[in-house]
Amino acid sequence: MGALESDKRIVLTLDAGGTNFRFCAMRGLQPVTPTTALPSCADDLDRCLNNIIEGFERVRRQCARPPVAISFAFPGPADYEDGIIGDLPNLPAFRGGVALGPLLEERFGIPVFINNDGDLFTYGEAMAGFLPYVNGLLAAAGNPKRYHNLLGVTLGTGLGGGIVRNGELFRGDNSAAGEMWLLRNKLDPMRNAEEGASIRAVRRVYAERAGMALDDAPEPKEIFAIGMGKRRGHRAAAREAFRRLGEVAGDAMANALTLVDGLAVIGGGISGAAPLFLPALVDELNGTYIGPDGRPFRRLIPTAFNLEDPRERRRFVGGKVRKVRVPGTRRTVRYDADRRIGVGLSRLGTSRAIAIGAYAFALKALDQNTRSSR
């Protein structure tokens, strides 16, 4: 994180929404220009592309030195490695495939990097957020264990995700890795996990349990306040809506963590309701299967800890450190025998994590290209 904070290179970034595009420039993990907002013009490709170019032009003119790259998140499906955007449901003008990356490279004469927002959220948290935070806790406690892999999950309008392994973003061969939303919904197996772990899922369960029409259900922020007893409403329905979200999200994350074996960080608009869903989510990670002999066995090899709970955080950081002798010598080495993973909330905030992820991804790619050309 220190190297990124002191880096003087400037990268142009974009927060691409279905209604507005928001542009800025970053240097050393901080924005160095005001945000410029332009409409996305989702149904008109020419206007949309012109606004993307104009937005980057406006920001570039405000930079104290020339930017070295453009890096941003854009919705998929896409061939992110080649910068080609596919058929977007929220930006219909892109139907048929648009070479957005090559267009911007030709216009600005600098490298362009495009990724999925869930991927960049995870990369930002791996480079400057949750992953260094947890490793810092372990170092401060004198524990030798360190983590190198991170699963990121965003809970909001949809269910997003990303995977970082040893400092590298895992994008997959089809730019389709970390697609958490397509995992199976534990509570409704004919549907995908997103239908049980998203804004609409929380509203739907609340409406069902409270006996009201879906259109009358409040937004998750209000449902959370009801569940916490800070607003009038059907408290039991509110708490059940978030508990079910935790169970479905936890099941999906357990499937992913079986393969990733790393820390897990949660962001997105619903993450603020963690007190009502995170315990159920971690319980799901620590759940069991039943063998043919009727005996239960752990779903995950490592134990999952809720790092937002102070008691669980202390247990996680402490581990089971002991000294073991090297056979045939008098030498001993420290060994943490406790196999465990930690789950917690974004340390950067979702939007900032995405921006930092875009910035860090561009700089790392530039550095790697420089080394390979020598």
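Residues numbered from 1 in each chain as written. Predicted model: local features only at pLDDT ≥ 70, side-chain atom pairs only at ≥ 80, totals over all residues. Heavy atoms only, no water.

(A) Structural context of the pairing of strand E10 (residues 149-155). Within E10, 7 of the 7 residues are buried, which leaves the element mostly enclosed by the surrounding structure. Both E10 and strand E11 (residues 159-165) contribute to a ladder of 7 bridges, which runs antiparallel. Its bridge partner lying in E11, Leu 150 is registered against Val 164. Here E10 folds back onto E11, and the loop between the two strands holds 3 residues. The pairing of E10 with strand E13 (residues 263-267) spans 5 bridges and is classified as parallel. If you follow Leu 151 over to E13, its bridge partner there is Ala 264. (Buried < 20%, exposed > 50% of the residue type's maximum accessible area, 1.4 Å probe, protein only. Helix = DSSP H or I, 4+ residues; strand = E, 2+ residues; numbered from the N terminus. Pairing = 2+ DSSP bridges.)

(B) Fine view of the packing of helix H7 (residues 220-227) against helix H8 (residues 235-260). H8 packs onto H7 with a crossing angle of 120° between their chain directions and a minimal axis gap of 8 Å. As the angle between them shows, H7 and H8 are arranged oblique. At the point where H7 passes H8, the crossing takes the left-handed sense. Contact with H7, carried on its side by Pro 220, Ile 223, Phe 224, Ile 226 and Gly 227, involves Arg 235, Ala 238, Arg 239 and Phe 242 of H8 and no other residues of that element. Looking at side-chain class alone, the contact of H7 with H8 contains 6 nonpolar, 1 polar and 2 charged residues. (Axes fitted to C-alpha atoms, helices over the stretch in contact; angles between N-to-C directions. Parallel < 35°, antiparallel > 145°, perpendicular 65-115°, else oblique. Left-handed = near helix turned anticlockwise from the far one by under 90°. Contact = heavy atoms within 4.5 Å. Nonpolar A, V, L, I, M, F, W, Y, C, P; charged D, E, K, R; others polar.)

(C) Representation of a negative patch on the surface within the structure. Among the surface-exposed residues, Asp 79, Glu 81, Asp 82 and Asp 173 lie close enough to one another that they form a single negatively charged patch. Considering the arrangement of structural elements, one finds Asp 173 in the loop between strand E12 (168-169) and helix H6 (199-210). (Patch = residues over 30% accessible without salt bridge, like charges linked within 9 Å, V, L, I, M, F, W, Y side chains within 5 Å. Areas by Shrake-Rupley, 256 points an atom, 1.4 Å probe, with all protein chains shown as cover. Salt bridge = Lys/Arg side-chain N within 4 Å of Asp/Glu carboxyl O. Lys, Arg positive; Asp, Glu negative; His and termini not counted. Charge placed at Lys NZ, Arg CZ, Asp CG, Glu CD.)

(D) Molecular detail of the pairing of strand E18 (residues 332-336). Two strands pair when backbone bridges link them, and strand E17 (residues 321-325) and E18 are joined in this way by 5 bridges, in the antiparallel orientation. When the bridges of E18 are listed, Arg 322 appears paired with Tyr 335.

(E) Molecular detail of the pattern of salt bridges. According to the stated counting rule, one finds 23 salt bridges in the structure shown. With a closest N to O distance of 3.8 Å, Arg 209 and Glu 240 form a salt bridge. Of the two residues, Arg 209 sits in helix H6 while Glu 240 sits in helix H8, which places them 31 residues apart along the sequence. In this structure, a network of salt bridges that share partners links the residues Lys 186, Arg 209, Glu 240, Arg 243, Glu 247, Asp 251, Glu 284 and Arg 299.

(F) Spatial organisation of the packing of aromatic side chains. Counted by the stated rule, this structure contains 14 aromatic pairs. Residues Phe 56 and Phe 72 carry aromatic rings whose centres are separated by 5.7 Å and whose planes lie at 45° to one another, so their mutual orientation is tilted. Taken as a pair, Phe 56 in helix H2 (residues 45-61) and Phe 72 in strand E5 (residues 69-73) lie far apart in primary sequence, 16 residues in all. Centre to centre, the rings of Tyr 123 and Phe 361 are 6.0 Å apart; their planes meet at 75°, and the pair counts as edge-to-face. Here Tyr 123, found in helix H4 (residues 117-128), pairs with Phe 361, found in helix H11 (residues 350-373); they are 238 residues apart in sequence, far enough to count as distant. The pair Tyr 123 / Phe 361 is uniform in exposure class, with both members buried. Here a set of aromatic residues connected by ring pairs shows up, and it is made of Phe 21, Phe 23, Phe 56, Phe 72, Phe 74, Phe 94 and Phe 108. The ring of Phe 108 carries the charged tip of Arg 107 above its face, separated from the ring centre by 5.7 Å. (Phe/Tyr/Trp six-rings, centres within 6.5 Å; stacked < 30°, edge-to-face > 60°. Lys NZ or Arg CZ within 6 Å of the ring centre and 35° of its normal.)

(G) Fine view of the side chain of Arg 203. As for its position among the elements, Arg 203 is in helix H6. Side-chain polar atoms of Arg 203 contact the backbone oxygen of Leu 214, separated by 3.1 Å. When near neighbours in sequence (up to four residues on either side) are disregarded, Arg 203 contacts Leu 214, Asp 215, Ala 217, Pro 218, Glu 219, Pro 220 and Ile 223. (Polar contact = N/O pair within 3.5 Å; in protein donor to acceptor, adjacent residues only side chain to side chain.)

(H) Up close: the sheet that holds strand E6 (residues 78-79). Across the sheet, 3 strands lie side by side as E6-E7-E8; this open sheet has antiparallel pairing. Sheet topology places E6 and strand E8 (98-99) at the edges, where each strand pairs with a single neighbour. As judged from the 2 bridges shared by E6 and strand E7 (residues 84-85), these two strands associate in the antiparallel manner. Within E7, the residue paired with Ala 78 across the bridge is Ile 85.

(I) Here's a closer look at H6. In a regular helix each residue adds 1.5 Å, so 12 residues correspond to 16 Å; H6 covers 16 Å between its end C-alpha atoms and thus fits that length. Along H6, the residues classified as buried are Ala 201, Val 202, Arg 203, Val 205, Tyr 206 and Ala 207. Against the buried residues of H6 lie H7 and H8. With its phi angle positive at about 70°, Gly 211 sits one or two positions after the end of H6. (Expected span 1.5 Å × (residues − 1).)

(J) Region of interest: the packing of helix H5 (residues 130-140) against helix H10 (residues 310-318). The geometry of H5 relative to H10 is characterised by a closest axis approach of 9 Å and an angle of 70° between their N-to-C directions. Relative to H10, H5 is oriented roughly perpendicular. H5 and H10 meet at a crossing whose hand is right-handed. Judged by residue contacts, Tyr 133, Val 134, Leu 137 and Leu 138 of H5 engage Arg 313, Phe 316 and Val 317 from H10. Residue composition of the contact of H5 with H10, grouped by class: 6 nonpolar, no polar and 1 charged.

(K) Focus on the nonpolar core. Ranked by internal contacts, the top residues of the largest apolar core, which has 45 residues, are Leu 155, Met 253 and Phe 277. Put simply, the parts of the chain that give this core at least two residues each are E10, E11, H6, H7, H8, E13, helix H9 (274-285) and strand E19 (340-345). The biggest single contributor to this core is H8, with 13 residues. Residues in contact with Met 253, not counting those within four places in the same chain, are Leu 151, Val 153, Met 180, Ala 264, Ile 266, Leu 281, Leu 285 and Val 343. Counting 40 residues, the second largest nonpolar core, distinct from the first, contains Ala 126, Tyr 147, Val 164 and Leu 263. (Core = buried A, V, L, I, M, F, W, Y, C linked by side-chain atoms within 4.5 Å.)

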